[in-house]
Amino acid sequence: MFLPMCMTLRMTAGAGSSALTVAGTTMLLKVSSFKVGTVTGLAEMIIGASYASGPMIGSAIYMLGGYTSVFWVMGGVTATLTFLLSLLQVKVAAETNSTKERHSLALLKTKSIPFLYLLTFVHRFVSFARTSMLGAFLISTFDQADWVIGLSYSVWAVMYMIACLITAKFVNKNYVYSCMLMAWLVNSLIYLFLAPSPLLDFLFHANQYFTLTFCSVLVINMIDTAELIPLFQATLDILIVNGYSHGSTSTYGLTAALINSSLSLGGMIGPTVSGTLIDLFGFPWTTTICSALSLAMVLILSSFLVITKTTNTPLSLVDESVGGPPSTTPTSFINRLSLYFRKSTKGYFKVAPVQPSQSLVD
C-alpha cells in the first residue's frame, strides 16, 4: 500500500507543479512589466533556490520529527499556500482570440516549433541523465564526507541561480540563438571532463578527480541556463511571427505549456535511459554520450539557422524584445556577421541586401 500511495502522491504533485508553472508564468508575463527573459530567468532561479534549500529543510524536519513529519509539514505548507493563492485576484483585460488561437492543436503545425520542442526535450533529457546518477557516482568514486557532497550540491544550485539572472540579461537583448548555440557547444566539451571521458585517457590515464568533476558540474549547471531560458523567448517569437497575438494570455499559455510538456517528457525518459546506459557502459561513457548529444544539437541548431537565413524565414520580430520598441539596426550577433560579410566581399560577390522584415533576430 505504501508504494502505490507514494507513486500517486508523486504523480499528483508533479501534475500540480506543472499546472502551476504554466499558469504562473502566463500570468506573470501578462500582468507584469518584466520582459520574457526576466520572467523565465526568475522562474528558473526560484527552482534553483528550491534545489539548494530543499535537501537542507527536509533533513532538518526529518531530524526533528521523523519521516512522516516531512509529509505533514510540507503538506500543510502547500495547503496554506494553495488557499492564499485562491484568494489572489488578478485582473486581466478581456481578449478576443483569433481563429488560429482557438485551435491550439495548430501549434504543432507551426513552422520551426517541432525543432524547438526537440531542443527542449534533449536539454532536459541530458540534464536529468546527468543529475539522476551523479550522486551515486560521487559517493562510490570519491572518498568524500557526506557534508562535502551536500555542500557541493548547494554551491551548484546557487551558481545556477546566479547564471539565470545573467542569461536573462542576454535574452532581453535578443541574444537568443547565440546563447543556445554557444551553450550547446561549451557543454559538448565540458561533458568530456566530467567523469572524465575514456576518450581523454591520454590526458588523465583513467584517473578520476573530485575537483575536476566538481568544476565540470559547476560550469555545466551555469551553461544549462543558456540552453533553457532562451527557448521560451524563441518559441514565443515564432508564434508571434506566425500570426499569434502579441501579448495575449493564450499565446503566453501555449508557449509555457509547450516548453513544460517537452521538459516533462525529457525528465521522464532521461533517468530511465541513463540508468540503463550506466549499467551497460558506466558513468564515464554515459557522460560521453551526453557530450555527443550536445554536439549533435550544435550541428542541428547551426543547420536550422543557416536554412532559415538562406530561405529568409523570420524567427522573430525585427530586432525587438517582446514589449520593447523595434530597432532599425541589425543588432543581433548573426546579423552583424552577415553585415561584416557583405562589406568585406563587396565587389567580389553579389550578396542580396537584408530585408528588415525578415532579419534573423538572435
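What you see is a predicted model; the values in this text were computed from it and never measured.

A short note on the overall build of the chain
- Within the chain one finds 12 helices and zero strands.
- Listing every helix and strand of the chain by position from the N terminus yields α-α-α-α-α-α-α-α-α-α-α-α.
- A fraction of 82% describes how many contacts in the chain between residues 6 or more apart in sequence connect residues 24 or more apart.
- When the accessible surface of the chain is split by element, carbon and sulfur atoms take 72% of a total near 19600 Å².

Some remarks on the pattern of salt bridges
- The full count for this structure, using the stated rule, is one salt bridge.
- Across the pair arginine 130 and aspartate 224 runs a salt bridge, and its minimum N-O distance is 3.4 Å. One end of the pair, arginine 130, is in helix α5 (residues 113–141); the other, aspartate 224, is in helix α9 (residues 210–241), with 94 residues separating them in the sequence. You'll find arginine 130 and aspartate 224 in the same group, each marked buried.

A word on the packing of aromatic side chains
- Within this structure, the stated rule accounts for 13 aromatic pairs.
- On the basis of an interplanar angle of 20° and a centroid distance of 4.3 Å, the ring pair of phenylalanine 137 and phenylalanine 283 is categorised as stacked. Of the two residues, phenylalanine 137 sits in helix α5 while phenylalanine 283 sits in helix α11 (residues 283–310), which places them 146 residues apart along the sequence. The two residues phenylalanine 137 and phenylalanine 283 agree in class, both being buried.
- When the centroid spacing of 6.3 Å and the interplanar angle of 55° are considered together, the rings of phenylalanine 204 and tyrosine 209 count as tilted.
- For phenylalanine 204, a relative accessible area of 14% gives the class buried.
- Owing to a relative accessible area of 40%, tyrosine 209 belongs among the partly exposed residues under this scheme.
- Here the aromatic residues Phe137, Phe142, Tyr153, Trp156, Phe210, Phe214 and Phe283 are joined through ring pairs into a cluster of three or more.

Overview of the side chain of threonine 213
- Along the chain, threonine 213 turns up in helix α9.
- A polar contact is formed between the side chain of threonine 213 and the backbone oxygen of leucine 194, at a distance of 2.8 Å.
- Sequence-distant contacts of threonine 213, defined by excluding residues within four places in its chain, comprise Phe137, Leu138, Phe142, Leu194 and Ala195.

Here we look at the packing of helix α2 (residues 36–65) against helix α3 (residues 67–87)
- Close contact between α2 and α3 brings their axes to 7 Å; oriented N to C, the two are set at 120°. Judged by the angle between their axes, α2 and α3 are oblique. Considering only the axes of α2 and α3, their crossing is right-handed. Along the contact surface, α2 presents Gly58, Ile61, Tyr62 and Gly65, while α3 presents Tyr67, Ser69, Val70, Val73 and Met74.
- Partitioning the contact of α2 with α3 into residue classes produces six nonpolar, three polar and no charged.

Considerations on the nonpolar core
- Within the largest apolar cluster, 61 residues are counted, with the highest numbers of intra-cluster contacts made by Leu119, Leu134, Leu138, Tyr177, Met180, Trp184 and Leu301.
- Sorting the residues of this core by element identifies α1 (2–31), α2, α5, α6 (146–172), α7 (176–194), α9, α10 (249–281) and α11 as the ones contributing at least two each.
- Ranked by the residues each element gives to this core, the list is headed by α9, at 13 residues.
- The contacts of leucine 138, once residues within four sequence positions are left out, are Ile149, Tyr153, Trp156, Phe210 and Thr213.

Comments concerning the environment of phenylalanine 125
- Turning to its location among the elements, phenylalanine 125 is positioned in helix α5.
- By relative accessible area, which is 13% here, phenylalanine 125 ends up buried.
- Placed 138 residues apart in sequence, phenylalanine 125 and leucine 263 show a C-alpha to C-alpha distance of 8.0 Å.
- Beyond its immediate chain neighbours, meaning those up to four positions away, phenylalanine 125 contacts Gly266, Ile269, Gly270, Val273 and Leu293.

A word on the confidence of the model for the chain
- Counting all residues, the mean pLDDT for the chain is 80, and 82% of those residues have values of 70 or more.
- Averaged pLDDT values for the elements of the chain fall to 46 in helix α4 (residues 99–102) and rise to 95 in α7.
- The model gives residues 99–103 a pLDDT under 50, and that stretch makes nine contacts with residues more than four places away or in other chains.

Some thoughts on the packing of α5 against α7
- Between α5 and α7, the shortest axis-to-axis distance is 13 Å and the interhelical angle comes to 25°. In terms of their interaxial angle, α5 and α7 are classed as roughly parallel. Like other packed secondary-structure pairs, α5 and α7 cross with a definite hand, here left-handed. In contact with Leu119, Val122, His123, Val126, Ser127, Arg130 and Leu134 of α5, α7 contributes Met180, Trp184, Tyr191 and Leu194.
- Split into classes, the residues belonging to the contact of α5 with α7 amount to eight nonpolar, two polar and one charged.

What counts and what doesn't
- Numbers given to residues run from 1 along each chain, matching the order in which its sequence is written.
- It should be noted that, the model being predicted, local features are given only for residues of pLDDT at least 70 and side-chain atom pairs only at 80 or more, the latter also being counted only at that level, while totals for whole chains, interfaces and linings use all residues.
- The basis for every side-chain value is the complete set of heavy atoms in the structure, and neither hydrogens nor water enter the calculation.
- Counting from the N terminus, the helices are the DSSP runs of H or I reaching at least four residues and the strands are the DSSP runs of E reaching at least two.
- Here a residue-residue contact requires only that any non-hydrogen atoms of the pair lie within 4.5 Å.
- All accessible areas in this document rest on Shrake-Rupley with a 1.4 Å probe, and a residue is counted as covered only by the protein chains that are shown.
- The term salt bridge refers to a pairing of a side-chain nitrogen on Lys or Arg with a carboxyl oxygen on Asp or Glu at a separation within 4 Å.
- To sort residues, take the accessible area from a 1.4 Å probe on protein chains only and compare it with the maximum for the residue type: under 20% means buried, over 50% means exposed, and anything in between is partly exposed.
- Between rings of Phe, Tyr and Trp, where Trp is taken as its six-membered ring, a pair exists when centres lie within 6.5 Å; planes separated by under 30 degrees are stacked, by over 60 edge-to-face, and by other angles tilted.
- Two N or O atoms form a polar contact when they lie within 3.5 Å of each other; inside protein one atom must be a possible hydrogen donor and the other a possible acceptor, and for residues adjacent in sequence the pair counts only when both atoms belong to side chains.
- Each axis is a line fitted through C-alpha atoms, and for a helix only the stretch in contact is used; angles between axes span 0 to 180 degrees, taken between their N-to-C directions.
- An angle below 35 degrees is read as roughly parallel, one above 145 as roughly antiparallel, one from 65 to 115 as roughly perpendicular, and any other as oblique.
- A clockwise turn of the near helix away from the far one marks a right-handed crossing, whereas an anticlockwise turn of less than a right angle marks a left-handed crossing.
- Side-chain classes are defined by residue name, with Ala, Val, Leu, Ile, Met, Phe, Trp, Tyr, Cys and Pro counting as nonpolar, Asp, Glu, Lys and Arg as charged, and the others, Gly among them, as polar.
- As used here, the term nonpolar core means buried Ala, Val, Leu, Ile, Met, Phe, Trp, Tyr and Cys residues forming a set that is joined through side-chain atoms within 4.5 Å.
- In predicted models, pLDDT denotes the confidence assigned by the predictor to each residue on a 0 to 100 scale.

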